[in-house]
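So the chains spell out like this:
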Amino acid sequence: MTTWVIAKNTLGEAMRRKILNVFLILALGSVIISLTFPFLDFRQQVTILKSFGLGMVQFWGIFIAIIMGITLIPSDVDQRTIYTILSKPVKRYEYVVGRFLGAAITLGLNIFLMGAAFLLVFAVKTNAPAFTALGNYDFRGFLGLWQWSSEISGLMGGIAMVYMKLLLLAAVAIFFSVFMSMTVNFFLSSAVFIIGNLSSVTESMASSPNTAAVLKPLYKAFHVLVPNFGNYDIQNPLIHPDVPQADIGMYMLKAALYGLAYTIILVVLGVLVFQRKEV
Amino acid sequence: MENAIEIRDLTKSFHNVLTKEDVVAVDHLTLDVPEGQIFGFLGPNGAGKTTTIKMLLGLIFPDSGAAHILGQPAGDIDVKRKISYLPETPYFYEHMTGFEVLDFYGTLFGIPAQKRKARVSELLEQVGLASNMHKRLRFYSKGMLQRIGLAQALVNDPRVLFLDEPTSGLDPIAHLEIRDLILRLREEGRTVFLSSHQLSDVEMVCDRVSIMNRGKVLKVGALKDLLAGQTTEVRAEKVSDAALAKVKEIAPDAFLVEDALSARVEPDQVNRLVDVVVQNGGHIVAVTPSQRTLEDIFIETIQQAGMPVADLSLEGSLSQ
Ligand SMILES: Nc1ncnc2c1ncn2[C@@H]1O[C@H](COP(=O)(O)OP(=O)(O)OP(=O)(O)O)[C@@H](O)[C@H]1O
Ligand SMILES: [Mg+2]
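Residues numbered from 1 in each chain as written. Chains lettered and ligands numbered in written order. Predicted model: local features only at pLDDT ≥ 70, side-chain atom pairs only at ≥ 80, totals over all residues. Heavy atoms only, no water.

Chemist: Looking at this structure, how should I read the overall build of chain A?
Modeler: Along the backbone of chain A there are eleven helices and zero strands. Reading chain A from its N terminus to its C terminus gives the helix and strand order α-α-α-α-α-α-α-α-α-α-α. In chain A, which comprises 279 residues, the proportion classed as buried is 51%. Sequence-distant contacts, at least 24 apart, represent 80% of the contacts inside chain A between residues at least 6 apart. When the accessible surface of chain A is summed, it comes to about 13400 Å², and 73% of that surface belongs to carbon and sulfur atoms. (Helix = DSSP H or I, 4+ residues; strand = E, 2+ residues; numbered from the N terminus. Buried < 20%, exposed > 50% of the residue type's maximum accessible area, 1.4 Å probe, protein only. Contact = heavy atoms within 4.5 Å. Areas by Shrake-Rupley, 256 points an atom, 1.4 Å probe, with all protein chains shown as cover.)

Chemist: What's the story with the site of ligand 1 in this structure? I'm lost.
Modeler: Residues and elements named next belong to chain B. Taken together, 13 residues sit near ligand 1, with G46, K49, T50, T51 and H197 positioned nearest. Here G48 contributes a backbone N or O atom positioned 2.9 Å from an oxygen atom of ligand 1. Between ligand 1 and T50 there is a distance of 2.7 Å, counted from an oxygen atom to a side-chain nitrogen or oxygen. When ligand 1 is considered free in solution it has 640 Å² of accessible area, and contact with the protein chains removes 65% of it. (Near = heavy atom within 4 Å. Polar contact = N/O pair within 3.5 Å; in protein donor to acceptor, adjacent residues only side chain to side chain.)

Chemist: How do you make sense of the pattern of salt bridges when you look at a structure like this?
Modeler: Any two side chains of opposite charge can pair, on the condition that their charged atoms come close. By the definition in use, this model includes 18 salt bridges over all chains. Its salt-bridge partner being R16 of chain A, residue E100 of chain B comes within 2.9 Å of it at the nearest N-O pair. Here E100 of chain B, found in helix α3 (residues 98–108), pairs with R16 of chain A, found in helix α1 (residues 2–16), and the two come from separate chains. Assessed through its relative accessible area of 28%, E100 of chain B is described here as partly exposed. One salt bridge connects D157 of chain B with R190 of chain B, and the closest N-O pair in it is separated by 2.5 Å. Here R190 of chain B lies in the loop between α6 (172–187) and β8 (191–195) and D157 of chain B lies in the loop between α5 (142–152) and β7 (160–164), a separation of 33 residues in the sequence. Overlapping salt bridges, with partners in common, bring together E13, D76 and R99 of chain A in one network. (Salt bridge = Lys/Arg side-chain N within 4 Å of Asp/Glu carboxyl O.)

Chemist: Is there a simple way to explain a nonpolar patch on the surface in this structure?
Modeler: A cluster of nonpolar side chains, contributed by M250, L253, L257, L260, I264, I265, V268, L269 and L272 of chain A, occupies part of the molecular surface with about 840 Å² of accessible area. The topology assignment puts I265 of chain A in helix α11 (residues 248–275). (Patch = residues over 30% accessible without salt bridge, like charges linked within 9 Å, V, L, I, M, F, W, Y side chains within 5 Å.)

Chemist: Is there a simple way to think about the domain arrangement of chain B in this case?
Modeler: Where interface size is given, it is often the accessible area lost as the parts come together that is meant. In terms of domain boundaries, chain B breaks down into domain 1 (3–82 + 158–226) and domain 2 (231–290). The gap between the C-alpha centroids of domain 1 of chain B and domain 2 of chain B is 35 Å. (Domains from an automatic or database assignment.)

Chemist: Would you explain the interface of chain A and chain B in this entry?
Modeler: Across the boundary between the two partners, chain A contributes 26 residues, which contact 27 residues of chain B. Buried surface at the junction of chain A and chain B, summed over both partners, amounts to about 2700 Å²; 59% is from carbon and sulfur atoms. Of all residues in chain A, R16, K88 and P89 of chain A give up the largest surface area on contact with chain B, accounting jointly for 25% of the area buried on that side. Summed over the shared surface of chain A and chain B, the number is two salt bridges. For the pair chain A and chain B, the interface holds 14 residue pairs in polar contact (both at pLDDT 80 or more). Broken down by element, the side of chain A that touches chain B gets its largest block of residues, six residues, from α1 of chain A. Of the residues that constitute the side of chain A that touches chain B, the class distribution is eight nonpolar, seven polar and eleven charged. (Buried area = accessible area lost by both parts, 1.4 Å probe. Nonpolar A, V, L, I, M, F, W, Y, C, P; charged D, E, K, R; others polar.)

Chemist: For this particular structure, what's the right way to read the packing of helix α9 (residues 241–250) of chain B against helix α10 (residues 270–279) of chain B?
Modeler: When two helices pack together, you describe them by how their axes are tilted relative to each other and by the distance separating the axes. All names here are of chain B. Put simply, α9 and α10 touch, their axes get as near as 10 Å, and they point 170° apart. Compared by their axis directions, α9 and α10 come out roughly antiparallel. From α9, K246, V247 and I250 reach across to α10, where they touch R272, L273, V276 and V277. The class makeup of the residues in the contact of α9 with α10 is five nonpolar, no polar and two charged. (Axes fitted to C-alpha atoms, helices over the stretch in contact; angles between N-to-C directions. Parallel < 35°, antiparallel > 145°, perpendicular 65-115°, else oblique.)

Spelled out as structure tokens, the structure:
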């Protein structure tokens, strides 16, 4: 209950914070810009729109996730608003979990809005030929419509994956934020994100016969410890659906569960550290 | 009478990373605060008052010792339902309005919406912010924020209030209003643990006071006992340490600053004291009847303990 009060307040705070709204507007703007992309041939256009749109949602989402993650708890401590909260019947874990849930909801809302704008733009740009065909009693128009709806559901999956990825990033930043200054945390979380995005690289380095034996455990450790943000890049199979990708649904489910488990572990660790933190 | 607050041997030191020194902010502090009273928690800057209060609220953790509030360990969630805290120079979420922020604190106590609305409006009225309640706190003045601070300390109808400098930043009228409010809290049977540098206020409202410096309580007692009696102050110069020893037999509180003596005695002891001083080569400078004020007692207590008033090394920074 108290956790929920803190979470709701976090969302309210985020909605009134100019900086996050600016990112949302920039994101919407950059998605809408793709409306003006010149009309290439249909396949090419679909491919470009998809990678551009998902890329934009992720790009602006990264800022929102990191900024919320590194500031939510430290700003309460630095500005001493924490005194009047923790001196009330609020357990420390309720505060941390509430802050995290608030970030998760805010991030979800932002990604939802960006994603919806992207899908709308995508529909307008790509659906037009299908509808035209339909209007002309062209049977292949139905095929176009069907193709389109499967594209959309695929993209929704892609957007959901971006959300899971950024939720994990927010959890990383929140975990570090209970014992690190904002600046250090900014660079650290960014570094973790970048390394984690190279998870396939660290994995192959660890198993490659060409890697020096002493370095192998290092790569292995990196691969296991650093969250594998790379897991969520299902953009490639989505952008090229004709490339056979077995069980994409199962893959996404696994990636989501992995992210959720990692996120929960990070929040629990954050709670444990915060439990003894002097504020 | 029951004790609302019991502090036993509470100790807290901070490690200064730069100087690699430990600062003992609170040093084996033991203190009882009776229920239903206004307790003045006094001490110069850096004495350790805020540190003590923060430990009592579970914001920071003692190195050793323990504290109980209303019979339960300080920092317990159950205790926090029955107490409240006004931090020194309080900060709140600036994006909220006065109404919203008090409503938010009300929800943290689980007060149901309907009751909360009534309570918040009543409190805003009480601290004189009714006409500004829909303004964001970003646009509040310092004094208005201080009033919000007081209002949030009343949201849960607390039995014990910890007020750290509640009147700082307030104009004279607000100052009087807050003083009246604190007196009213006592009438309602609440306990107020009041840290303040406004000694005239403390003198007017407090039942008991303690005076601490460098983490230690130097004096504690009922205010009327501390202020008791019309005394006569005797000042003299050229008083030796040997003479001071003799003077102390008559006036135990006497002290020397360089060779200048300051001593207080009951009026019927004045002649005896003057004789001792003169016989030992001292020069009487003044004999004045005085009603002791809390300020006298405060300064006297700190000076007698023979410690520098605070650890602020003002001289060091001035000479740089
Ligand atoms: N977080 C901290 N880290 C390091 N030192 C601290 C910390 N908090 C307090 N101190 C030190 O502890 C001592 C006591 O500080 P405290 O704030 O309790 O004093 P105070 O009695 O409230 O003073 P004031 O009247 O100025 O408010 C000071 O020497 C202060 O520098
Ligand atoms: Mg203080």
